[in-house]
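If you want the building blocks of each chain, they are given just below.
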Amino acid sequence: MKNGIIFNIQKFSIHDGPGIRTTVFFKGCPLKCEWCSNPESQLESIQILYDTKKCTHCLSCVHNCPHHAIEYNNQKIIINDKKCVGCLSCVQSCINDALSHEGEYKDIKDIVDICLQDIDFYEESHGGVTISGGEGMYQPKFLKQLVLELKKHQIHVAIETTGYIEHSLFKELAPLFDLLLFDVKHYDTNKHYQGTQVHNELIIQNLIWAIQQKIEVLPRIPVIPEFNDSLEEAKGIADLLKHIGINRVQLLPFHQFGERKYELLNKEYRLKNKKALYPEDLKEYQKIFINKGIDCFI
């Protein structure tokens, strides 16, 4: 498969693995995390974003949509993701730029060429390319070919993964990477489901397998208010990781960088009024891991 759908390529990233990196954001994710900072990544398709502040209600988008995927209701444009095919007729007809889109199909060569533009920076900083999303393994054939092409240029390749991938497929894809930035969101499967709409047994199975295969894994814990931010929950996660054999973990404080995207996508954001967390807020949380012999950093 030579084409895949992505929604961003971010150069000079310094938070997605070692050194200076290029981060390629894949569209499509099996989780629906309530705090997701990239809600535009969840659907594996082109999505239309609607800015109510720019809209003059001319309805040209409604009249120009060949698939009748747009309705005007209660002074707002409503896009039906199930009917929308991403033809962008609505975006092109919007004279006020109230409509935009996220997601585009890219050829592997085009992505590799962009990544190669910064190969000197990778070499000097011991950086490379990171696959993010969404969940890169959600597009397995495209992902595999892309990684193999990058490897031809001796580029260090990491992936930010949810771990929620069919085990046989995970076993095929995980060894391709130099580093797995592996999300660990909760130790309790029911609480995990409440926040992400999936249970965590498969995630833990894949994490254990990766450790057993001696693949370099860095578990990362997004610390989310009212989901996993209590010290008791920190203890539960730390016990799980210690049992698996993890000795290093990163904490990711909750932030509100993605809040505006929910409005543009006409999605409800349950954590809208929650305060962001900062490293100083997580010192006691961090100590739980350190006291169990786990190198924990923020």
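Note: the structure precedes this text.
Counting restarts for each chain, with residues numbered from 1 along the sequence as it is written. Where totals are concerned, whole chains, interfaces and linings use all residues; where local detail is concerned, this predicted model gives features only for residues with pLDDT of at least 70, and gives and counts side-chain atom pairs only at 80 or more. Neither water nor hydrogens contribute to the side-chain values; these are computed over all heavy atoms in the structure.

Visitor: Got a sec to walk through the pairing of strand E8 (residues 128–132)? Specific residues and values, please.
Guide: Burial of E8 is extensive: five of the five residues sit out of reach of the surface. The pairing criterion for strands is at least two bridges between them, as found by DSSP. Strands here mean DSSP runs of E at least two residues long; helices mean DSSP runs of H or I at least four residues long; both are numbered from the N terminus. Bridge count for strand E2 (residues 21–26) against E8 is five bridges, and the pairing is parallel. Paired with Thr23 across the two strands is Thr130, which belongs to E8. Bridging between E8 and strand E9 (residues 156–161) involves four bridges; their strand directions are parallel. In the sheet register, Thr130 faces E9, and the bridge partner there is Ala158. By convention, orient the strands away from the viewer: a clockwise path from the first strand over the helix to the second makes the crossover right-handed. In terms of handedness, the path from E8 via helix H5 (residues 140–151) over to E9 forms a crossover that is right-handed. For each residue, the accessible area found with a 1.4 Å probe, counting protein chains only, is set against the maximum for its type, and the residue is called buried under 20%, exposed over 50%, and partly exposed in between.

Visitor: So what about the environment of Gly4? Which residues, and what values?
Guide: Tracing the sequence through the fold places Gly4 in strand E1 (residues 3–13). Owing to a relative accessible area of 1%, Gly4 belongs among the buried residues under this scheme. When the C-alpha atoms of Gly4 and Leu146 are compared, they prove to be 9.5 Å apart, with 142 residues separating the residues in sequence. Should any heavy atoms of two residues lie within 4.5 Å, those residues are considered in contact. Among residues more than four places away in sequence, those in contact with Gly4 are Glu104, Tyr105, Lys106, Gln139 and Phe142.

Visitor: Go over helix H3 (residues 108–116) with me, naming the residues and quoting the values.
Guide: Among all positions of H3, only Ile108, Ile111, Val112 and Cys115 are buried. The buried residues of H3 all sit within an arc of 95° when viewed along its axis, so they share a single face. Residues of H3 that are buried sit in contact with E1, E2, strand E7 (104–107), helix H4 (119–125), E8 and H5. What qualifies as a polar contact is a pair of N or O atoms within 3.5 Å, subject to a donor-acceptor requirement within protein and to the restriction that residues adjacent in sequence count only when both atoms come from side chains. Residue Asp107 occupies the N-cap position of H3, its side-chain oxygen lying 2.8 Å from the main-chain nitrogen of Lys109. This arc is taken over the directions from the axis of the helix to the C-beta atoms.

Visitor: So what's going on with the packing of helix H9 (residues 231–244) against helix H11 (residues 283–290)? Residues and values would help.
Guide: Axis separation between H9 and H11 bottoms out at 9 Å; the angle between their running directions is 30°. When the axis of H9 is compared with that of H11, the two are roughly parallel. In this structure, H9 crosses over H11, and the sense of that crossing is right-handed. Of the residues in H11, those touching H9 at Leu231, Ala234, Lys235, Ile237, Ala238 and Leu241 are Glu284, Tyr285, Ile288 and Phe289. When grouped by side-chain class, the residues that make up the contact of H9 with H11 number eight nonpolar, no polar and two charged. Whenever a helix is involved, its axis is fitted only over the stretch in contact; in every case the axis is a line through C-alpha atoms, and angles between N-to-C directions fall within 0 to 180 degrees. The labels follow the angle: roughly parallel below 35 degrees, roughly antiparallel above 145, roughly perpendicular from 65 to 115, and oblique for the rest. Crossing chirality is assigned from the near helix's rotation relative to the far helix, an anticlockwise turn below a right angle marking it left-handed and a clockwise turn marking it right-handed. Each residue gets one label: Ala, Val, Leu, Ile, Met, Phe, Trp, Tyr, Cys and Pro are nonpolar, Asp, Glu, Lys and Arg are charged, and the others, such as Gly, are polar.

Visitor: An account of H9 is needed here, citing residue identities and associated values.
Guide: An ideal rise of 1.5 Å per residue puts 20 Å on 14 residues; H9 measures up with 20 Å between its terminal C-alpha atoms. Those residues of H9 not exposed but buried are Glu233, Ala234, Gly236, Ile237, Ala238, Leu240, Leu241 and Ile244. Immediately beyond the C-terminal end of H9, within one or two residues, lies Gly245, with a positive phi of roughly 110°. Each residue after the first adds 1.5 Å to the expected span of a helix.

Visitor: Give a detailed account of the sheet that holds strand E12 (residues 248–253), specifying residues and quantitative values.
Guide: Read across the sheet, nine strands follow the order E7-E1-E2-E8-E9-E10-E11-E12-E13 without closing on themselves; strand pairing throughout is mixed. On the outer flanks of this sheet lie E7 and strand E13 (295–297), each paired with one strand and no other. Taking the axes of each pair of neighbouring strands and ignoring which way they run, one obtains an average angle of 30° across the sheet. When E12 meets E13, the two strands line up parallel, connected through three bridges. Directly across from Gln250, in E13, lies its bridge partner Phe297. In this fold helix H8 (residues 201–212) packs onto strand E10 (179–183) and strand E11 (217–223), with an angle of close to 155° to the strand it touches most, E10.

Visitor: Would you mind going over the side chain of Arg21 in detail, with residue names and values included?
Guide: Within the fold, Arg21 resides in strand E2. Charge assignment in this entry is limited to Lys and Arg as positive and Asp and Glu as negative, and neither His nor the chain termini are counted. One side-chain nitrogen of Lys or Arg within 4 Å of one carboxyl oxygen of Asp or Glu is enough to make a salt bridge. Despite its burial, Arg21 pairs with no opposite charge; the closest candidate is Asp178, at 6.5 Å N-O. There is a polar contact of 3.4 Å between the side chain of Arg21 and the backbone oxygen of Asp16. Here Val129 takes part through its backbone oxygen, which lies 2.9 Å from a polar atom of the side chain of Arg21.

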